[in-house]
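Okay, here's what each chain looks like letter by letter:
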Amino acid sequence: MLFIILFITKQTGSCWTGSDILMCLMSALTSPRELINTKKKKIKITGAEPAVGREESCSTGRQADRQAGRQTDGVPGSGVQMGNSALKSHLETSQKTGVFQLTAKGLPEFPEELQRLTANLRTVDLSGNKIEVLPADIGNFLQLKSLTLNSNRLACLPSEIGKLKKLETLSLNGNRIQQLPPTLGQLKALRTLNLSGNQFSEFPPGLGTLRHLDLLDLSRNKIRNVPSALSELQTIEINLNQNQISVLSADVSLCPRLKVLRLEENCLELSSIPQSILGDSQVSLFSVEGNLFEVKDLRDLEGYDKYMERFTANKKKFT
């Protein structure tokens with residue numbers, strides 16, 4: 001019997017307690033190998049699955065949910081890191097101030113909840129989201145004066161936007177818009193129209209009815225020519241920087257309120273510059289750096305002296 005105990009101790013490499021020895025004595029008829037297996041089983045079942053493993057598994061699952069677009073804490077299905085209480089707080093504040101600003105929250109669509117505030121919202125800023133469609137319901141915001149949707153994924157605008165008769169600022173920088181609805185010309189109060197960084201390949205028509213327009217920004221598009229229809233515009237400043245313009249109509253000089261014309265970084269030759277813009281227009285700042293000629297060469301064109309007189313008289317306004 002002692003031999004058996006010594007043999008088991010040697011094979012398992014463990015230290016046996018008194019209860020182990022007693023078990024061994026009671027199992028004298030059991031083979032040494034079976035006792036070894038019994039001891040190993042007893043050792044194996046001690047201990048439990050570490051709690052850390054379960055915690056990591058839960059955390060990993062939450063991360064997977066978020067990567068798949070499922071929201072675990074915030075607004076269901078929206079991917080917005082904001083709870084319902086936070087959104088409610090925004091709406092309550094907007095009801096008092098008339099201003100709703102919710103930027104860079106990953107919103108996939110125009111918040112339907114805003115329909116509750118159509119009667120008193122004056123400013124909406126939803127820049128830096130992932131909105132692809134501006135709903136027709138936008139036409140219900142009759143008190144809106146400023147609508148900013150920069151850096152979204154808009155490809156077009158609904159015709160109902162023409163109902164916003166009080167709108168003064170429309171900023172749509174960094175979207176995917178290629179053309180404007182004809183109803184945009186009904187925005188009689190519009191002063192600023194920002195369409196920079198979109199996908200226009202032609203100068204958008206129908207803007208001549210915007211009689212109070214101060215700034216039209218079409219920079220960073222793919223426009224190739226400035227048509228004669230531009231003469232109908234009533235705007236003070238036109239920004240066409242960073243396009244692909246190689247043709248500039250002489251009728252631009254007929255724009256009655258045009259003071260600033262920016263054409264930097266285009267494809268204009270010196271011969272493409274109409275002399276009437278220099279000599280006969282109201283343009284006081286004609287910016288053409290980064291084209292296919294040296295700016296100093298403008299001095300050789302007829303009408304340059306008249307342009308410089310206007311520039312000198314108004315340069316304080318541009319600094």
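Up top is the structure these notes are about.
What counts as what
- Within each chain, residue numbers correspond to sequence positions counted from 1 in written order.
- Selection of residues for local features in this predicted model requires a pLDDT of at least 70, selection of side-chain atom pairs for listing and counting requires 80 or more, and totals for whole chains, interfaces and linings are taken over all residues.
- Here the side-chain values reflect all heavy atoms present in the structure, with hydrogen atoms and water set aside.
- Strand pairing follows a simple DSSP-based rule, namely that at least 2 bridges must link the two strands.
- By definition, any uninterrupted DSSP run of H or I lasting at least four residues is a helix, any uninterrupted run of E lasting at least two residues is a strand, and each is numbered from the N terminus.
- For helices, the axis comes from a line fit to the C-alpha atoms of the stretch in contact; other axes are also lines fit to C-alpha atoms, and the angle between any two N-to-C directions lies between 0 and 180 degrees.
- Side-chain rings of Phe, Tyr and Trp (the six-membered ring for Trp) are treated as a pair once their centres are within 6.5 Å; stacked means planes under 30 degrees apart, edge-to-face means over 60, and tilted covers the remaining angles.
- Any residue under 20% of the maximum accessible area for its type is buried, any over 50% is exposed, and the rest in between are partly exposed; the area is computed with a 1.4 Å probe on protein chains only.
- A contact between two residues is defined here by any heavy atoms of the two lying within 4.5 Å.
- For this analysis, a salt bridge means a side-chain nitrogen from Lys or Arg found within 4 Å of a carboxyl oxygen belonging to Asp or Glu.
- Directions pointing from the helix axis toward each C-beta atom define the arc.

Some words on the sheet that holds strand 5 (residues 192-194)
The strand order across the open sheet built from nine strands is 1-2-3-4-5-6-8-10-11, with neighbouring strands paired in parallel fashion. Only two strands of the sheet have a single neighbouring strand rather than two, namely strand 1 (99-101) and strand 11 (285-287). The average undirected angle you get between the axes of adjacent strands in this sheet is 5°. For strand 2 (residues 123-125) and strand 3 (residues 146-148), the ladder comprises three bridges, and the chain directions are parallel. Across the sheet, the residue bridging to Asp 125 is Thr 148, located in strand 3.

Some details on the packing of aromatic side chains
Scanning all chains against the criterion turns up three aromatic pairs. When the ring of Phe 110 is compared with that of Phe 141, the centres are 6.1 Å apart and the planes differ by 75°; the resulting orientation is edge-to-face. Of this pair, Phe 110 sits in the loop between strand 1 and strand 2 while Phe 141 sits in the loop between strand 2 and strand 3; the two residues are 31 residues apart in sequence, bridging distant segments of the chain. Judged by its relative accessible area of 7%, Phe 110 is buried. The class of Phe 141 is buried, set by a relative accessible area of 0%. An aromatic cluster of three or more residues is present, and its members are Tyr 304, Tyr 307 and Phe 311.

What about the environment of Phe 110?
Sequence separation between Phe 110 and Ile 138 is 28 residues, and the spatial gap between their C-alpha atoms is 9.2 Å. The contact partners of Phe 110, leaving out residues within four places of it in the chain, are Leu 126, Ile 131, Val 133, Leu 134, Pro 135, Ile 138 and Phe 141.

Describing the pattern of salt bridges
Applying the stated criterion across every chain, the model contains three salt bridges. Linking Arg 191 and Asp 214 is a salt bridge whose minimum nitrogen-to-oxygen distance equals 3.4 Å. Note that Arg 191 is positioned in the loop between strand 4 (169-171) and strand 5 and Asp 214 in the loop between strand 5 and strand 6 (215-217), a separation of 23 residues in sequence. Between Glu 237 and Arg 262 there is a salt bridge, and its shortest N-O distance comes to 2.9 Å.

Section: helix 7 (residues 304-314)
Among the residues of helix 7, those classed as buried are Tyr 304, Tyr 307, Arg 310 and Asn 314. Buried positions in helix 7, seen along its axis, are confined to an arc of 120° and lie on one side of it. More than 90 degrees from the buried face of helix 7, the exposed residues found are Asp 305, Glu 309 and Ala 313. The secondary structure elements touched by the buried residues of helix 7 are helix 6 (275-279) and strand 11.

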